[in-house]
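Now for the letters of each chain:
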Amino acid sequence: MSCDLAIVGAGPAGMAAAIEAAALGLSVAVLDEQPAPGGQVFRAVEAAAGDPALAGEFLDAGGALADAFRATKGIAYRPRTTLWHLDPDAGVLSVASDGATAEIEARRVLLATGAQERPVPIPGWTLPGVMSAGAAQILLKTAGAVPEGSVVIAGQGPLCWLLAVQLLRAGVERLTLLETGAGGALRDALRAGGLWTGRRLLAKGVALMRETRARGLTVVRNVRDLRAEGDGRISTMRWRQGEREHAIACDTLLLHEGVIPSTHITRALGLDHDWDETQLCWRPRLDAWGATSHPAVAVAGDGGGIGGWEAAAAGGRLAAIDAAHRLGRLDAAARDARAADHRKTQRAALALRPFLDRLYRPGPGILAPADDTIVCRCEEITAGQIRGAARLGAAGPNQVKAFLRAGMGPCQGRMCGTVVAGLIAETRGVSMETVGALRPRAPFKPMTVGELANARPEAMPELTA
Amino acid sequence: MIATGHDTRDAIVIGGGLVGAAIAYGLQRQGLSTVMLDEGDVAHRASRGNFGLVWVQSKGLGAPHYQHWTHASARAWPDLAADLLATTGIGVGLHQPGGLHFCFSDDEMAQRDALMGQLRREAGNAGYEYRMIPAAELRDMVPGLGPQVVGASWTPYDGHASPLHLLRALHAAFQDLGGLYRPNAKVTAIQAAPRDFTVAIGSEAVRAPRLVLASGLGNADLAPLVGLSAPLRPERGQILVTERTRQVLDLPTHVVRQTEEGSLLLGDSKEDMGFDTLTQTPAIMRAIAHKAVRTFPWIAELNIVRAWAALRVMSPDGKPIYDESERYPGATIANCHSGVTLAGAHAGLLAPMIAAGALAPEMSPFSARRFDVQKAA
Amino acid sequence: MFRRRPEARPAPRDRLVEVFVAGRSVRVPDGASAAAAVLLSGAPAIRTTPVNGAPRLPYCMIGICFDCLAEIDGVANRQACLVPVAPGMRIEPQAGARAARIEDAA
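These numbers were taken from a predicted model, which means no experiment stands behind them. In every chain, residue numbers begin from 1 and rise along the written sequence. Chains and ligands are labelled sequentially in the order written, the chains with letters from A and the ligands with numbers from 1. Reporting in this predicted model follows two pLDDT cut-offs: at least 70 for local features of residues, and 80 or more for side-chain atom pairs to be given and counted; totals over whole chains, interfaces and linings ignore these cut-offs and use all residues. To obtain the side-chain values, all non-hydrogen atoms of the structure were used and water was disregarded.

1. Some thoughts on the overall build of chain B
Numbering of helices and strands runs from the N terminus; a helix is a DSSP stretch of H or I covering at least four residues, while a strand is a stretch of E covering at least two. When helices and strands are counted, chain B shows 9 helices and 19 strands. Two things to know: the radius of gyration comes from C-alpha atoms, and the globule rule equals 2.2 Å times the number of residues to the power 0.38. Taken over C-alpha atoms, the radius of gyration comes to 21 Å for chain B, in line with the 21 Å a tight globule of 377 residues would show. On the principal axes, the C-alpha backbone points of chain B span a range of 60 × 45 × 40 Å. The buried label goes to any residue with under 20% of its type's maximum accessible area, the exposed label to any with over 50%, and the partly exposed label to all in between, with areas taken from a 1.4 Å probe on protein chains only. The burial tally for chain B puts 62% of its 377 residues in the buried class. Here the Shrake-Rupley method, with its probe set to 1.4 Å, supplies the accessible areas, and only the displayed protein chains count as covering residues. In the structure as shown, chain B presents an accessible area of about 13900 Å², 53% of it carried by carbon and sulfur atoms. The distance from the centre of the 33 positive side-chain charges to the centre of the 36 negative ones in chain B is 1 Å. Within this scheme the basic residues Lys and Arg register as positive and the acidic residues Asp and Glu register as negative, but His and the chain ends are omitted. Throughout, a charge is located at the NZ atom of Lys, the CZ atom of Arg, the CG atom of Asp or the CD atom of Glu.

2. Considerations on the overall build of chain A
Looking only at helices and strands, chain A has 15 helices and 23 strands in total. What you see for chain A is a C-alpha radius of gyration of 22 Å, in line with the 23 Å of a compact globule of 465 residues. Overall, chain A is about 65 × 50 × 40 Å in size when its C-alpha atoms are taken along their principal axes. The contact rule is simple, with two residues in contact once any of their heavy atoms fall within 4.5 Å. Nonlocal contacts in chain A, meaning residues at least 24 apart in sequence, comprise 69% of its contacts between residues at least 6 apart. Accessible surface computed for chain A: about 16700 Å², of which carbon and sulfur atoms make up 51%. Treating the 51 positive side-chain charges of chain A as one cloud and the 48 negative ones as another, the clouds have centres 4 Å apart.

3. Things to note about the packing of aromatic side chains
Residue and element names in this part refer to chain B. Between 30 and 60 degrees the pair is tilted, below 30 it is stacked and above 60 it is edge-to-face, where a pair is any two Phe, Tyr or Trp rings, Trp via its six-membered ring, whose centres lie within 6.5 Å. Under the definition given, this model contains 12 aromatic pairs over all chains. Centre to centre, the rings of Tyr66 and Phe366 are 6.4 Å apart; their planes meet at 90°, and the pair counts as edge-to-face. With Tyr66 in helix H2 (residues 64-88) and Phe366 in the loop between helix H8 (343-356) and helix H9 (369-376), this residue pair connects regions lying 300 residues apart in the sequence. Both residues of the pair, Tyr66 and Phe366, count as buried. Feature note: the residues Tyr66, Trp69, Tyr322 and Phe366 constitute an aromatic cluster, connected by ring pairs.

4. Regarding the packing of helix H11 (residues 383-391) of chain A against helix H13 (residues 417-428) of chain A
Residues and elements named next belong to chain A. H13 packs onto H11 with a crossing angle of 50° between their chain directions and a minimal axis gap of 9 Å. Judged by the inter-axis angle, H11 sits oblique to H13. Note on packing geometry: the crossing formed by H11 with H13 is right-handed. Taken together, the residues of H13 that come into contact with H11 (itself represented by Ala383, Ile386, Arg387, Ala390 and Arg391) are Val420, Leu423, Ile424, Glu426, Thr427 and Arg428. Residue classes follow a fixed rule: Ala, Val, Leu, Ile, Met, Phe, Trp, Tyr, Cys and Pro count as nonpolar, while Asp, Glu, Lys and Arg count as charged, and any other residue, Gly among them, counts as polar. Residue classes in the contact of H11 with H13 are distributed as 6 nonpolar, 1 polar and 4 charged. Axes here mean lines fitted to C-alpha atoms, for a helix over just the part in contact, with angles spanning 0 to 180 degrees between N-to-C directions. Throughout, the term roughly parallel applies to angles under 35 degrees, roughly antiparallel to angles over 145, roughly perpendicular to angles from 65 to 115, and oblique to all others. If you view the pair so one helix is near and one far, a crossing is left-handed when the near helix is turned anticlockwise from the far one by less than a right angle, and right-handed when it is turned clockwise.

5. A look at the interface of chain C and chain B
Contacts between the two partners involve 12 residues from chain C and, on the opposite side, 12 residues from chain B. Interface area for chain C against chain B, summed over the two sides, is near 1200 Å², with a carbon-plus-sulfur share of 57%. Once two parts are brought into contact, the accessible area they lose, counted with a 1.4 Å probe and summed over both, makes up the buried area. For chain C, the biggest contributors to the area lost against chain B are C:Arg98, C:Ala100 and C:Ile102; these three give 45% of the whole. By convention in these notes, a salt bridge is any Lys or Arg side-chain nitrogen within 4 Å of a carboxyl oxygen on Asp or Glu. Inspection of the chain C/chain B interface yields 3 salt bridges. In this structure, the salt-bridge partner of B:Glu301 is C:Arg101, at a minimum N-O distance of 2.5 Å. Here a polar contact is taken to be a pair of N or O atoms separated by no more than 3.5 Å, where protein atoms must pair a possible hydrogen donor with a possible acceptor and residues adjacent in sequence count only if both atoms sit in side chains. Where chain C packs against chain B, one counts 7 residue pairs in polar contact (both at pLDDT 80 or more). In terms of residue class, the side of chain C that touches chain B is built from 9 nonpolar, 1 polar and 2 charged.

6. So, the interface of chain C and chain A
Put simply, an interface is often sized by how much accessible area is lost when its parts join up. The interface is formed by 37 residues belonging to chain C together with 53 residues belonging to chain A. Summing both partners gives a buried area of about 3800 Å² for chain C against chain A, and 56% of it is carried by carbon and sulfur. Across the contact surface, chain C and chain A share 2 salt bridges. With a shortest N-O distance of 4.0 Å, C:Arg56 and A:Glu380 are connected by a salt bridge. Inspection of the region where chain C meets chain A yields 13 residue pairs in polar contact (both at pLDDT 80 or more). Looking at the side of chain C that touches chain A, the elements that each hand over two or more residues are strand E1 (2-3), helix H1 (34-41) and strand E5 (55-56) of chain C. Considering each element in turn, the side of chain C that touches chain A owes the most residues, 3 residues, to H1(C). Counted by class, the side of chain C that touches chain A contains 25 nonpolar, 5 polar and 7 charged residues. When DSSP finds two or more bridges between a pair of strands, those strands are recorded as paired. Pairing of strand E9 (residues 146-147) of chain A with E1(C), which is carried by 2 bridges, proceeds in the antiparallel orientation.

7. Quick notes on the side chain of C:Ser33
All names here are of chain C. Mapped onto the elements, Ser33 comes out in the loop between strand E3 (24-29) and H1. Judged by its relative accessible area of 6%, Ser33 falls in the buried class. Non-local contacts of Ser33, meaning those with residues more than four positions away in its chain, are made with Met61, Ala80, Cys81, Val83, Pro84 and Val85.

8. Notes on the confidence of the model for chain A
A residue-level look at chain A finds 97% of positions with pLDDT of 70 or above and a mean pLDDT of 92. Scored below 50 in pLDDT, residues 459-465 of chain A makes 17 contacts in the model with residues more than four places away or belonging to other chains. A score from 0 to 100, pLDDT tells how confident the predictor is in each residue.

9. Quick look at the nonpolar core
Buried Ala, Val, Leu, Ile, Met, Phe, Trp, Tyr and Cys residues form a nonpolar core when they are joined through side-chain atoms within 4.5 Å. Counting residues in each nonpolar core, the largest one holds 157 residues, and the members touching the most others are A:Met237, A:Leu253, C:Val19 and C:Ile91. With 8 residues, the top contributor of residues to this core is helix H4 (residues 158-169) of chain A. Beyond its immediate sequence surroundings of up to four residues, A:Met237 is in contact with A:Ile122, A:Val152, A:Leu178, A:Leu226, A:Arg227, A:Ala228, A:His246, A:Ala247, A:Ile248, A:Cys250 and A:Leu253. With 62 residues, the next largest nonpolar core counts A:Val449, B:Leu240, B:Leu302 and B:Ile304 among its residues.

10. Structural notes on the sheet that holds strand E17 (residues 303-314) of chain B
Taken in spatial order, the 5 strands of this open sheet run E23(A)-E17(B)-E14(B)-E16(B)-E15(B), and their pairing is antiparallel. The two strands at the open ends of the sheet, each matched to only one other strand, are strand E23 (447-448) of chain A together with strand E15 (256-258) of chain B. Direction of pairing for strand E14 (residues 233-242) of chain B relative to E17(B): antiparallel, over a ladder of 10 bridges. Looking across to E17(B), one finds that B:Ile239 is bridged to B:Trp308. Each of E14, E15, strand E16 (264-266) and E17 of chain B touches helix H7 (residues 282-295) of chain B; the most contacted strand, E14(B), lies at about 55° to it.

11. A few points about the sheet that holds strand E8 (residues 130-132) of chain A
Residue and element names in this part refer to chain A. Strands sit in the order E8-E16-E10-E11-E12 across an open sheet of 5 strands; the sheet is parallel. Sheet topology places E8 and strand E12 (218-220) at the edges, where each strand pairs with a single neighbour. Each neighbouring strand pair of the sheet contributes to a mean axis angle of 20°, computed without reference to strand direction. Bridge count between strand E10 (residues 150-156) and strand E11 (residues 174-179): 6 bridges; the pairing is parallel. Considered in E11, the bridge of Val152 is made with Thr176.

12. With respect to the packing of H2(B) against helix H5 (residues 163-176) of chain B
All names here are of chain B. Between H2 and H5, whose axes approach to 9 Å, the crossing angle comes to 60°. In terms of orientation, H2 and H5 fall into the oblique class. Pair H2 / H5 crosses with left-handed handedness. Residue-level contacts link Trp77, Leu80, Leu84, Thr87 and Thr88 of H2 to Leu166, Ala169, Leu170, Ala172, Ala173 and Asp176 of H5. For the contact of H2 with H5, the per-class residue count stands at 8 nonpolar, 2 polar and 1 charged.

13. As for the environment of C:Glu92
All names here are of chain C. Along the chain, the position of Glu92 falls in strand E8 (residues 90-92). Placed 16 residues apart in sequence, Glu92 and Ala76 show a C-alpha to C-alpha distance of 8.8 Å. Here Glu92 is in contact with Ala22, Gly23, Ala70 and Glu71, once residues within four sequence places are set aside.

14. Considerations on H4(A)
Residue and element names in this part refer to chain A. Taking 1.5 Å of rise per residue, 12 residues should cover 16 Å, and H4 covers 17 Å from first to last C-alpha, within 8% of that figure. If you check which residues of H4 are buried, you get Leu159, Cys160, Trp161, Leu163, Ala164, Val165, Gln166, Leu167 and Leu168. Backbone geometry just after H4 places Gly171 at a positive phi near 105°. To estimate the expected span of a helix, count its residues, drop one, and scale the result by 1.5 Å.

15. Considering unusual backbone geometry
Residues and elements named next belong to chain A. Each neighbour pair has its own omega, and for Ala442 with Pro443 the value is 0°, a cis peptide bond. One non-glycine residue, Arg80, lies in positive phi territory at about 50°. Along the polypeptide, Arg80 turns up in the loop between strand E3 (75-78) and strand E4 (81-87). The backbone of Asp225 sits at a positive phi, close to 55°, despite the residue not being glycine.

Written as C-alpha cells, this is what we have:
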C-alpha cells in the first residue's frame, strides 16, 4: 500500500489531520492499535454515547470528530494495526495486524501517538489496586465501571478534578483527593498569565472544583511522601503533611501527576528532543507546523507537548496543511491562509497552559523517588539499585540498562526511562540533558517471532476511497 | 576507585569493553597496578551487542593458531568464571555443555562435515572432537526441533555465558583488586617511547611502561600512534530478543540460545552498514525470525520484546589481531570479534604475556604484519 | 474491585458479553477490554511477575505498562487492555514467565 501521508494514531490530532489532508486531496492512511477511533482522550467515544457520567465535551466534541473521521472519503483507516518499525528515509512503515506483518509506503509520516500519564513511582505502586487515574477513566468510558470501597486519587492536575467529578456522578461514595503540589504553586502560576485568554478553560476547571465540593469530595492538600501499603493488594495509603504522618484505608489508589508526551517512536528514530524543565519531560523538537528534525516526519498533538485535545486537533490540521504544502499541493501563501484560523484556535487552546504547567508542576521527587521504590516495574529494579549503579560510574540510562536490566522488559523503558535518568542526574549532579535518554529500537511494540517471520506484503489492500 | 590528576602505573589499558576489561583484569591480577580508560556512552560498544557464545566450533579454518587459541580460551573459562564469582559475587552464567550448528539440507551437512574434518586435520596433536548428528538423534538433545532440520554439527567444547554479567564482573573484579577505572576518558594524545607511554585524557595524563590498545574499532586510529596498524571494519549483526520464557533450551546453538533470565536470543546476521547501529533492517530481522522458526517452530509464538544491532570488530581475515610494537616495545594491541569466547584467553593467557613484557612466539601469526604479506603477495 | 453500572448503560446499547476469567464467568459490556473483565471479576491478580513472583493487576489500561499481560484464548502474554472482549473468551492469569509450548508445534 502506498499513500501521500501516513498518520500514526487516531486520536484528536490524527483524526483532524486525516480529515484535513483528505480535503486537500492527499491520499491518507491512518493506523491505530485500538479497535475504534478516539485515541485516549476520546477512547470508546462511539460506544459510550448516552452515559450520563461522561456527558459534556467528551461525548459531544469527541463524538462529532469521530463521526466526521468515519464519513470522510479518501482515508484508509486501519484499526488494530501496530507500527513496529519506521524507515523515514525510505518512507516505509512496517506494521503488524491480524497476525502478520506488512509494509506501507508514504511520502510523509505524521506521528500522532499522543501522551501517556507520567509514571508516579511511589513505594507500593506496583500493588494490585493501584492504577493511574486515566486507567480508572478508561474503565468508566469503556465498561461504565467504577471502583468500589475507599477510593483515593493522589497527585495533581486537571484530570484529578475531572475524574473526581465523573466518579462522584457515577456513584462512588468514599472518595478522597490527596493533592500533592508545592505550596506557592498558585502564586507562581498566576504570574504566568494567560488567564483571560484561557478563561473558558479556567471556568471549566473552577466549575469542576465547585461540583466536587457540592458532592462531598474530601480534599487533603500539600501532601508528600506518598506510600501505598498492603499484603498482595493495597489496603492503606500513607502520606505526610508538614511534619505529621497520616493514613487512611484504601481499596483503590489512582495516581496522577500530569500527562507527558509519548516519545517512544520519536526516540527510536533518533529525532532531536528538548528537556522541559517545568513539566519535567522530554518533547521532540518541532517547528510551528509540527515538523521534526527529520524532513519526512512530523508530530501533532500531545506527543509534541501537552496541550489538550483542542490544541491537538488544531495541530493535526496544521500538520496536514504543511504536508500538502511540502508535497506540492499548496503554495506557501495558500498554506498560510488556510492555516490562519487553526493557528488562532491552537493559540487560544494553549493560552492556559503556562498557568497550568506552573500550578501543577511535579515535585522533584517524581524523578528521584525513595530508594525502596520499584522504578523498573518489568524487571523490578529499585531506585536504590539505580543510584548504586550511577555511583559506580553508569553515566546514562543505556549504561544502567546494561548493568541492571532496567529498561529491558516488555515496556522498553516507557515507564522507567525518565526516572532512571532522573536518578542518575541526581546522583551524579548533572543535568537531564547531560544524562540523556534510553534509545528504544524496533519492534516498537512486541510482536511474535511468527508474525515477523510470516510477512504478507499483500495483506494491506490498496487504498480505496 | 575513580581518580583524577596525573598518574603513573604499571600498565594502561585503553578500552573498557570485553577485551579491554578482560586484559585489564588479568594484568591487575598479575599484580600490576593498572588503569583502564573507557569512553562514554558514545563509543561503539561492540560488547553490549554480543550474542554470548563461548564458541570453538568452526573457528580458525586454515589458521591452526587461532583454533588452538580458541580452545585454550574455552579451557581457561571455568577458572575465569570461578575467580570472578569469588572476587565479586557476580555469576557470569557460564555453561559449556557443547554446542550445535544446524544444517537444513544434505548438502549443508556434507559441507559442514568437510569443514569440521579439515579443522580436525589442522588441529594436529591437539585433537578436535566433533560429531555430525542426524535429526533423529538431535530430537533427544533439543526440544521441538523443526522438521526442516536435517542435522547438526556438535563439539563438546562450546558453551555460552552472559556478556553483560561478564562485563560487569570484569569491571567489578578489576576495581576490587585495586585497578583504576576512568570512565568518560577519551584519549586525546599518546606520547610513546620504548617502555614509556604517556596517555593524555584532556588536561590529565597517565604514564606507564605498558600500553594496551583494546578499544575495538577505535584501535584503527590509535594503532599508528604506537607504530602499529589495525585494519578493522565494522560488520553489523542484528539480534532479536524474546520475552522471558521458562527454561527449555539447554544447549547453545549458533542461531538461538536461551539466557539464564529466560529470554531467547535469535541471531547470526551479517551486514555491511558502516558504523550504523542505530537503524535496523526489517528484512534482516524477518530473516532471523524465519530461520529461528525453521529451527524451532515453537519459537513462533514467543514475543519479540526488543532487538538491537551491534558491530563486530572484523579484521580483513576475520581473525584476531594481537601485536606488539617493534618501534615502541611495551605497546600491545588486541582486537577480536569474539570478546566472550576469548575472555578466558585474554585474562588468563594474554595478560600474563603482556605483564612479562613480550607476547609468546606462538602469537606471531596474529600480528597485523600478516596483512602486509597478503598485500605484498 | 470494580463494579458495573447497568443503570447507566442500558441494553441494547450496552450489550453484555460473557467471558471467563480464571474459569469464572463474568459479564462485561461489549467494547470493554479483557483487562477490564479481569478487574470486574475481582480476581486478585492478572499475573505474577517472572522476576519475583509479585502479583500485578492492570495499571495504565493504555498499553504502555505491560502489567496486564494475560493468557487470552490460549495465547500467552497478550496485553489484555488492548484486547476487546468477545463471547466465550478465556482469560487466564499467568504465573511467572510463560512456557514455550513444544508439543503443539509442527
